[in-house]
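Here's the letter readout for the chains.
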Amino acid sequence: MDELTLLRNTRDDSREPSPTALAAGRAALLGRIADGDAPYATAQHRKKRRWVPRLTWAAAGVAAAMTVVLVAGNVTLSAQSAYASEVLRTAATETIHYADLVAGSDQYLLSHTHARWGVCDQTGCVPNDQILDVYMPADPEAEWTLYRDWGKMSGVLTGESIETSRAIDGRFYGPESSWVNVVYAEVPLDGAATYEWIDAQYNGGSASRDENNFVRITDILRSGLVPAPQRAALLDALSRIPGVTATDNIANLDGVTGIAIGRNEMLRAGERQEIIIDPNTGLVIGERAMSGTTLFGWGLSQELSLTAIETTVVDTAP
Amino acid sequence: MSPDNDVIERSAREPAVFATLYDRHATSVFRYAAQRLGDTAADDVMSETFLVAFERRAAYDLTVVDARPWLLGIATRLMRKHVRLEATAWKGMTADLAAQIVPDLIDLAGARIDAHRLTQRLAKALRRLPEIDRDTLLLYAWGNLDYASIAAAMDVPVGTVRSRLNRARRQLRRAAGIETLEQETDHGRTDTAPQHA
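Residues numbered from 1 in each chain as written. Chains lettered and ligands numbered in written order. Predicted model: local features only at pLDDT ≥ 70, side-chain atom pairs only at ≥ 80, totals over all residues.

As for the overall build of chain B
Reasoning step 1: In terms of helices and strands, chain B carries 9 helices and 0 strands.
Reasoning step 2: Ordered by position from the N terminus, the helices and strands of chain B form the series α-α-α-α-α-α-α-α-α.
Reasoning step 3: Of all 197 residues assigned to chain B, the portion counted as buried reaches 44%. (Helix = DSSP H or I, 4+ residues; strand = E, 2+ residues; numbered from the N terminus. Buried ≥ 20, exposed ≤ 12 C-beta atoms within 10 Å, placed from the backbone.)

And the structure:
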């Protein structure tokens, strides 16, 4: 064994960066990414400053174009479907990559959901409003917090209508049940690959394979916590599901309007499920489900569910 | 999983995907920096490495699949700002280092050498290595890069990497007091690398 090998044997692979340092480094990088693609020579002279949460709106032009194109594409169902899919696949992806919220090392990404879901019994269904505030810490090893107001229902953890629970990795309802039902790093970054990834995981369920694919993608997106690259890929994948169309100016439960991306499930009496995105940011701002749509999808009759999702950065959790 | 070069290529159009590179390699950069500078400074080097890498990504050679050598090269250059800190870290670290090396060197020397003196000599030799030789040596030893990857990281020919490692090796042997007749040639090559290339 020579000296170089001996020296190499002293390599210490047990050292690990602290979760705080790792999160801080990631936040700094995302902050720089959000700042834009400045040339290095310029960046070197940039004064160092403390990172603050920010939202970049660099793609306003692209988003505006997206809106115009989407409206223009609303001609016939078939044309709109094909056109919307294509437009969403490109414009939504481009848009979303330029807008993201970043939590600093000691902060939380807060996903606030105001949901109006039905509570059903043998006599029928009545709407019930719930509030779900999920605090995801930048430090992946820190506890997440869920504040949940069940409205007219009783919470499943305490029986009370208002519950606050804390758990590592968002596992509020048991070790096998993370709030985020996917490892984001495993989501392919390419839309086509993401679609194949989702489709390959189909194991039955729903009225059709397409509906199930749609549901599983929106299950991931509705958390409001998906990082921009994966979010874009998922939206792209969504646009690849047959029959997906886009509708402009749809209001979420809190009255914020966006573009609804959805599909009608013919095997479920034309029920239409939609996810609503803000065209200015690409952020998911809500969901909607409508029943009794006509063949062409525009004769809405009854709203089955409606939510509003808002993602922000906060310093503390309850 | 997309290879590193694919991620970097995509990041030109979609900057946010660059964070994927951080998730893959931040720990590796940290380990290399921490062994040279200690954990505290390594946190900064780790973070700064990816900021620099992001801004220089347009210059990345997209034919290279693995970005780790490139990142460790950036980290190495950033660590040059910490010469004094590294010298301090070396002082604390060389005792452990020498404890592992010394017995084998004693065997190599074929004689009993005073371990304490040998440790001191070795530590001194490591501290006194020319910067470029030390960087090359430590990219090999602690960065866990092969010769070709070191060449990519330092942007020099592979032959230069061999020369530098031979030179560093000679220094270590000399410090250990091992006067050997073994030719320090690399397949007939002589050490022609400039000291300050």
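Resuming the write-up.
Structural notes on the overall build of chain A
Reasoning step 1: Check the secondary structure of chain A and you find 8 helices and 9 strands.
Reasoning step 2: Taken across its 318 residues, chain A has 41% of its residues classed as buried.
Reasoning step 3: Partitioning the contacts of chain A with sequence separation of at least 6, the portion at a separation of at least 24 is 56%. (Contact = placed C-beta atoms within 7 Å.)

Remarks on the environment of A:Gly258
Residues and elements named next belong to chain A.
Reasoning step 1: Topologically, Gly-258 is positioned in strand β6 (residues 257–265).
Reasoning step 2: Gly-258 sits 24 residues away from Gly-282 along the chain, and the two C-alpha atoms are 9.4 Å apart.
Reasoning step 3: Gly-258 has contacts with Ile-250, Asn-252, Ile-276, Ile-277, Asp-278, Pro-279 and Ile-285, leaving out every residue within four places of it along the chain.

Quick word on the nonpolar core
Reasoning step 1: Within the largest apolar cluster, 103 residues are counted, with the highest numbers of intra-cluster contacts made by A:Leu29, A:Leu234, A:Leu238, B:Val29, B:Ala33 and B:Ala75.
Reasoning step 2: Shared between two domains, this core takes at least three residues from each, and those domains are domain 1 (4–81) and domain 2 (87–175) of chain B. (Core = buried A, V, L, I, M, F, W, Y, C linked by C-beta atoms within 7 Å. Domains from an automatic or database assignment.)

Remarks on unusual backbone geometry
Reasoning step 1: Phi at A:Asp169 takes a positive value of approximately 60°, unusual for a residue other than glycine.
Reasoning step 2: Checked against the element boundaries, A:Asp169 lands in the loop between β4 (162–168) and α6 (191–200).
Reasoning step 3: Residue B:Asp155 is not a glycine yet carries a positive backbone phi of 60°.
Reasoning step 4: For B:Asp155, the position within the fold is in the loop between α8 (147–154) and α9 (158–175).
Reasoning step 5: Note on B:Asp155: 10 C-beta atoms within 10 Å, which makes it exposed.

Notes on helix α2 (residues 19–37) of chain B
Residues and elements named next belong to chain B.
Reasoning step 1: Largest kink in α2: about 55°, centred on His-25.
Reasoning step 2: Burial analysis of α2 places 15 of its 19 residues in the buried class, the great majority of the element.
Reasoning step 3: Positioned one or two residues after α2, Gly-38 has a phi angle of 100°, which is positive. (Bend = angle between axes of the 7 residues up to and from the residue.)

Details of the environment of A:Leu110
Residues and elements named next belong to chain A.
Reasoning step 1: Assignment of secondary structure puts Leu-110 in strand β1 (residues 108–121).
Reasoning step 2: Taking the C-beta count within 10 Å as the criterion, Leu-110 has 22 such neighbours and is therefore assigned buried.
Reasoning step 3: Sequence separation between Leu-110 and Ser-223 is 113 residues; the distance between their C-alpha atoms is 9.9 Å.

Overview of the environment of A:Ile275
Residue and element names in this part refer to chain A.
Reasoning step 1: Inspection of the secondary structure puts Ile-275 in strand β7 (residues 271–277).
Reasoning step 2: Distance from Ile-275 to Ala-289, taken between C-alpha atoms, is 8.7 Å for residues 14 residues apart in sequence.
Reasoning step 3: Excluding anything up to four places from it in sequence, Ile-275 contacts Thr-218, Leu-221, Ile-261, Val-284 and Glu-287.

Focus on the packing of helix α7 (residues 209–221) of chain A against helix α8 (residues 228–239) of chain A
Describing two packed helices takes the angle between their axes plus the distance from one axis to the other.
Residues and elements named next belong to chain A.
Reasoning step 1: Across the interface, α7 lies against α8 with an axial gap of 10 Å and an inter-helix angle of 155°. One way to sum up the angle between α7 and α8 is to call them roughly antiparallel. Where α7 crosses over α8, the two elements pack in a sense that is left-handed. Contacts from Phe-214, Ile-217, Ile-220 and Leu-221 in α7 reach Arg-231, Leu-234, Ala-237 and Leu-238 in α8.
Reasoning step 2: Here the residues of the contact of α7 with α8 are counted per class, giving 7 nonpolar, no polar and 1 charged. (Axes fitted to C-alpha atoms, helices over the stretch in contact; angles between N-to-C directions. Parallel < 35°, antiparallel > 145°, perpendicular 65-115°, else oblique. Left-handed = near helix turned anticlockwise from the far one by under 90°. Nonpolar A, V, L, I, M, F, W, Y, C, P; charged D, E, K, R; others polar.)

Describing the confidence of the model for chain B
All names here are of chain B.
Reasoning step 1: Here chain B averages 76 in pLDDT, and 68% of its residues register 70 or above.
Reasoning step 2: Looking across chain B, the model is least confident in helix α5 (residues 83–109), with a mean pLDDT of 57, and most confident in helix α4 (residues 68–79), with 92.
Reasoning step 3: Here residues 181–197 is modelled with pLDDT under 50, and outside its nearest four sequence neighbours on either side it reaches 18 contacts, counting other chains as well.
Reasoning step 4: For this predicted complex, the interface confidence comes out at an ipTM of 0.78, alongside a pTM of 0.49. (pLDDT = per-residue confidence, 0-100.)

Some details on helix α7 (residues 131–141) of chain B
Reasoning step 1: Here α7(B) lies mainly inside the structure; 10 of its 11 residues are buried.
Reasoning step 2: Of all the positions in α7(B), only B:Ile132, B:Asp133, B:Arg134, B:Asp135, B:Thr136, B:Leu137, B:Leu138, B:Leu139, B:Tyr140 and B:Ala141 are classed as buried.

Some remarks on the confidence of the model for chain A
Reasoning step 1: Overall, the prediction assigns chain A a mean pLDDT of 73, with 69% of residues at 70 or greater.
Reasoning step 2: Across residues 37–80 of chain A, where pLDDT falls below 50, the model places 62 contacts with residues more than four positions away in sequence or in other chains.

What to know about the packing of α6(A) against α8(A)
Residue and element names in this part refer to chain A.
Reasoning step 1: Where α6 meets α8, the closest approach of the two axes is 7 Å, and the angle between their N-to-C directions is 70°. In this view, α6 runs roughly perpendicular relative to α8, as classed from their interaxial angle. Contacts between α6 and α8 involve Gly-191, Thr-194, Tyr-195 and Ile-198 from the first element and Ala-233, Leu-234, Asp-236 and Ala-237 from the second.
Reasoning step 2: Of the residues contributing to the contact of α6 with α8, the split by class is 5 nonpolar, 2 polar and 1 charged.

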